[in-house]
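In case you want the letters, here they are:
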Number of protein chains: 2
Amino acid sequence: MTAAPHWVDRAPGLGGLDGQTRRQLEAIRPITIPKGHVLFRPGDEVTCFGVLIGGRVDVYLTGATGREILLYSITPGESCVQSTLGLLGEDDYSAEAVAETDVEAVMIPRSLFLSLLGTSEAFRTFVFQAFAKRLQSVMQVLERVAFIRIEARLAAALLERADDSGLVRATHQELATAIGSVREVISRRLEILSKKGLVSLDRGTIQVASRTGLAALLT
Amino acid sequence: MTAAPHWVDRAPGLGGLDGQTRRQLEAIRPITIPKGHVLFRPGDEVTCFGVLIGGRVDVYLTGATGREILLYSITPGESCVQSTLGLLGEDDYSAEAVAETDVEAVMIPRSLFLSLLGTSEAFRTFVFQAFAKRLQSVMQVLERVAFIRIEARLAAALLERADDSGLVRATHQELATAIGSVREVISRRLEILSKKGLVSLDRGTIQVASRTGLAALLT
DNA sequence: CGGCCTATGTGACCAAGTCACCGACGAATT
DNA sequence: AATTCGTCGGTGACTTGGTCACATAGGCCG
């Protein structure tokens, strides 16, 4: 039988590790986290540096009124930048992370994390690039929320989430959170899109009828 | 006569440099940039890692319509995280940086920057912490724009900018950009605040009359 | 069937942004 | 002093988006 590759080899950014670093990381056993579990909330103390091996974790910013907005999703091979923030800046978490699927992850303790940063160029690069990527993406979220109108953001979200047959499995609430709006607004927009024949609606799903029609709304 | 301290000693985060690193940095001569100069625009290629020694640089995100929102200000001792993004992530600038005062800065070439990251723990910490700080602050901007109503954001901006006597030197347009809104909305809000007796208005300045009154709007 | 949870629909209203234009002030020039 | 010009601020009409309160409606399970 062929053994599954070790998790270190399943994290794309972690190539080029020297032997010692690799052995230190290999010694850590991945843990599994059930779907729906909240990995951390605002105010939680940061104790580990998390690297995702399988599944998906969504990170949300929560407002005082309970409204939430999706900051980014963490996919396999990516690290949790919120942890980096906390470990380096001594701050607590300011966002909330939810396991959207069952999740497999590696938790690197603070002390090892800090030591690897000093000793391993490859590890450092991994952490830095993850950082850069997240800052970019948070800036993009800000740009969209601040400058792009709902119709365009919604169309983009639908196109992004549609599978091969054009089906989007999401509630209006989920779409609203993803683009930083509220359910009622999304419901109304979707109804307009459906009257235009661009989508058809069903409980829990949206069928994209015309990708080109939606794409025309992106400007 | 007493010589002014070298610029390396005027950058708070750069303590604890080893001798070699320090000498490499000391060899770079600061440059001066006149007030109003645009240091970079979206799409510009990143060539250097900038550290600010004196003055203030504001970094804005610009929307398609020309609307701008202040991402953060760079003050002495701080680095330009946009540069870090570009140097590590191979991306071009996505924001615009404007010298708000005459500015004194040190431009560290890409090659030296990358080499120092590998050889100097102190330099690495400096870069990382700057990174963490900016990501935090961009997330805060997003949180405010997405969740906090204009009145509270404006009150916060006024309190933050008021000098000892409560005077704020800013145009309505500047305040609007700082909090991610538009001039007309700010003008109207300010008029309401002035009718409530919390501020008095003049061309180019706002006099805060009641800090406690403004503070009550922050919730 | 009846309860219950979740998803969605809807009207009224409020908050914020857009557009177009006006007037007021001040500095520089004539 | 009068003219010109650029910046700053005021205003009305309108559109978009968010809030609140409540109404339906489907699906699941006892």
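See the structure above.
Residues numbered from 1 in each chain as written. Chains lettered and ligands numbered in written order. Predicted model: local features only at pLDDT ≥ 70, side-chain atom pairs only at ≥ 80, totals over all residues. Heavy atoms only, no water.

With respect to the protein's contact with DNA strand D
Consideration 1: Close to DNA strand D lie 21 residues, the nearest being Ser-181 and Arg-189 of chain A together with Arg-183, Arg-188 and Arg-203 of chain B.
Consideration 2: Near the protein, within 4 Å, the atoms of DNA strand D are sugar or phosphate in 45% of cases.
Consideration 3: A distance of 2.7 Å is found between a phosphate oxygen of DNA strand D and a side-chain nitrogen or oxygen belonging to Ser-181 of chain A.
Consideration 4: The separation between a base oxygen of DNA strand D and a polar side-chain atom of Arg-188 of chain B is 2.7 Å.
Consideration 5: A total of 5 residues in the surface near DNA strand D trace back to one element, the largest contributor, which is helix α7 (residues 183–195) of chain B.
Consideration 6: Residues of the surface near DNA strand D, tallied by class, amount to 3 nonpolar, 6 polar and 12 charged. (Near = heavy atom within 4 Å. Polar contact = N/O pair within 3.5 Å; in protein donor to acceptor, adjacent residues only side chain to side chain. Helix = DSSP H or I, 4+ residues; strand = E, 2+ residues; numbered from the N terminus. Nonpolar A, V, L, I, M, F, W, Y, C, P; charged D, E, K, R; others polar.)

Thoughts on the relation of the copies chain A and chain B
Consideration 1: Aligned on chain B, chain A shows an RMSD of 0.1 Å; the corresponding rotation is 179° and the shift along the axis is 0.0 Å. Each copy turns onto its partner about a two-fold axis.
Consideration 2: Take the interface residues of chain A: 100% of them recur as interface residues in chain B, which is what a same-surface contact looks like. (Least-squares fit on C-alpha atoms with pLDDT ≥ 70 in both. Contact = heavy atoms within 4.5 Å.)

Looking at the interface of chain A and chain B
Consideration 1: Contacts between the two partners involve 34 residues from chain A and, on the opposite side, 34 residues from chain B.
Consideration 2: Both sides together, the interface formed by chain A and chain B hides about 3200 Å², and carbon and sulfur atoms give 77% of it.
Consideration 3: By the criterion of area lost to chain B, the three top residues of chain A are Phe-128, Leu-142 and Phe-147 of chain A, representing 23% of everything that side buries.
Consideration 4: Inspection of the region where chain A meets chain B yields 0 residue pairs in polar contact (both at pLDDT 80 or more).
Consideration 5: Looking at the side of chain A that touches chain B, the elements with two or more residues in it are β4 (57–62), β5 (68–74), α2 (81–89), α3 (110–119) and α4 (121–147) of chain A.
Consideration 6: Sorting elements by how many residues they give to the side of chain A that touches chain B places α4 of chain A first, with 17 residues. (Buried area = accessible area lost by both parts, 1.4 Å probe.)

So, the pattern of salt bridges
Residue and element names in this part refer to chain B.
Consideration 1: Tallied over the entire structure, the rule returns 21 salt bridges over all chains.
Consideration 2: Put simply, Glu-121 and Arg-124 hold a salt bridge, and the shortest N to O gap is 3.9 Å. Here Glu-121 and its partner Arg-124 are both found in helix α4 (residues 121–147), 3 residues apart, which amounts to about one turn of the helix.
Consideration 3: For Glu-121, a relative accessible area of 53% gives the class exposed.
Consideration 4: A salt bridge links Glu-191 to Lys-195, with the shortest nitrogen-to-oxygen separation between them at 3.1 Å. (Salt bridge = Lys/Arg side-chain N within 4 Å of Asp/Glu carboxyl O. Buried < 20%, exposed > 50% of the residue type's maximum accessible area, 1.4 Å probe, protein only.)

Remarks on the pairing of strand β10 (residues 205–208) of chain A
Residues and elements named next belong to chain A.
Consideration 1: Examined bridge by bridge, strand β8 (residues 167–169) and β10 share 3 bridges and lie antiparallel to one another. In the strand pairing of β10, Arg-169 is matched with Thr-205.
Consideration 2: Examined bridge by bridge, strand β9 (residues 199–202) and β10 share 4 bridges and lie antiparallel to one another. When the sheet's bridge partners are listed, Asp-202 is paired in β10 with Thr-205.
Consideration 3: Where β9 hands over to β10, the hairpin turn is made up of 2 residues, of which Gly-204 adopts a positive phi near 85°. (Pairing = 2+ DSSP bridges.)

What about the environment of Ile-206 of chain A?
All names here are of chain A.
Consideration 1: Along the polypeptide, Ile-206 turns up in strand β10.
Consideration 2: For the pair Ile-206 and Gly-166, spaced 40 residues apart in sequence, the C-alpha to C-alpha distance is 8.3 Å.
Consideration 3: Residues within four places of Ile-206 in sequence aside, it is in contact with Leu-158, Gly-166, Leu-167, Val-168, Ala-170, Leu-175, Leu-190, Val-199, Ser-200 and Leu-201.

Focus on the packing of helix α3 (residues 110–119) of chain B against α4 of chain B
Residues and elements named next belong to chain B.
Consideration 1: Packing of α3 against α4 leaves a shortest axis separation of 6 Å and a crossing angle of 110°. Comparing their axes, α4 and α3 come out roughly perpendicular. Remark: the crossing between α3 and α4 carries left-handed chirality. Taking contact as the criterion, the partners of Phe-113, Leu-116, Leu-117, Gly-118 and Thr-119 in α3 are, on α4, Glu-121, Phe-123, Arg-124 and Val-127.
Consideration 2: Grouping the amino acids of the contact of α3 with α4 by side-chain chemistry returns 5 nonpolar, 2 polar and 2 charged. (Axes fitted to C-alpha atoms, helices over the stretch in contact; angles between N-to-C directions. Parallel < 35°, antiparallel > 145°, perpendicular 65-115°, else oblique. Left-handed = near helix turned anticlockwise from the far one by under 90°.)

Some details on the packing of aromatic side chains
Consideration 1: The final tally for this structure, using the stated rule, is 14 aromatic pairs over all chains.
Consideration 2: Aromatic pair Phe-128 of chain A and Phe-128 of chain B: ring centres 4.0 Å apart, planes at 10°, arrangement stacked. Here Phe-128 of chain B lies in helix α4 and Phe-128 of chain A lies in helix α4, a pairing that spans two chains.
Consideration 3: Where Phe-131 of chain A meets Phe-131 of chain B, the ring centres are 4.7 Å apart and the plane angle is 15°; that geometry is what we call stacked. A residue pair is termed interchain when its members come from two chains, as with Phe-131 of chain A in helix α4 and Phe-131 of chain B in helix α4.
Consideration 4: Accessibility expressed as a relative area gives 0% for Phe-131 of chain B, which makes it buried. (Phe/Tyr/Trp six-rings, centres within 6.5 Å; stacked < 30°, edge-to-face > 60°.)

Some points on α4 of chain A
Consideration 1: The first and last C-alpha atoms of α4 of chain A sit 38 Å apart over 27 residues, in line with the 39 Å expected at 1.5 Å per residue.
Consideration 2: Most of α4 of chain A sits inside the fold, with 20 of its 27 residues counted as buried. (Expected span 1.5 Å × (residues − 1).)

A word on the environment of Ser-115 of chain B
Consideration 1: Relative to the helices and strands, Ser-115 of chain B resides in helix α3.
Consideration 2: Placed 94 residues apart in sequence, Ser-115 of chain B and Thr-21 of chain B show a C-alpha to C-alpha distance of 9.9 Å.

Quick word on the sheet that holds strand β1 (residues 31–33) of chain B
Residues and elements named next belong to chain B.
Consideration 1: The sheet built from 3 strands is open, its strands ordered β1-β7-β3 with antiparallel pairing. Of all strands in the sheet, those with a lone pairing partner are β1 and β3 (48–54), marking the two edges. The sheet shows a mean angle of 40° between the axes of neighbouring strands, direction not considered.
Consideration 2: Inspection of the sheet shows β3 paired to strand β7 (residues 103–109) by 6 bridges, in the antiparallel sense. Residue Gly-54 lies in a different strand from β7, and its bridge partner there is Glu-104.

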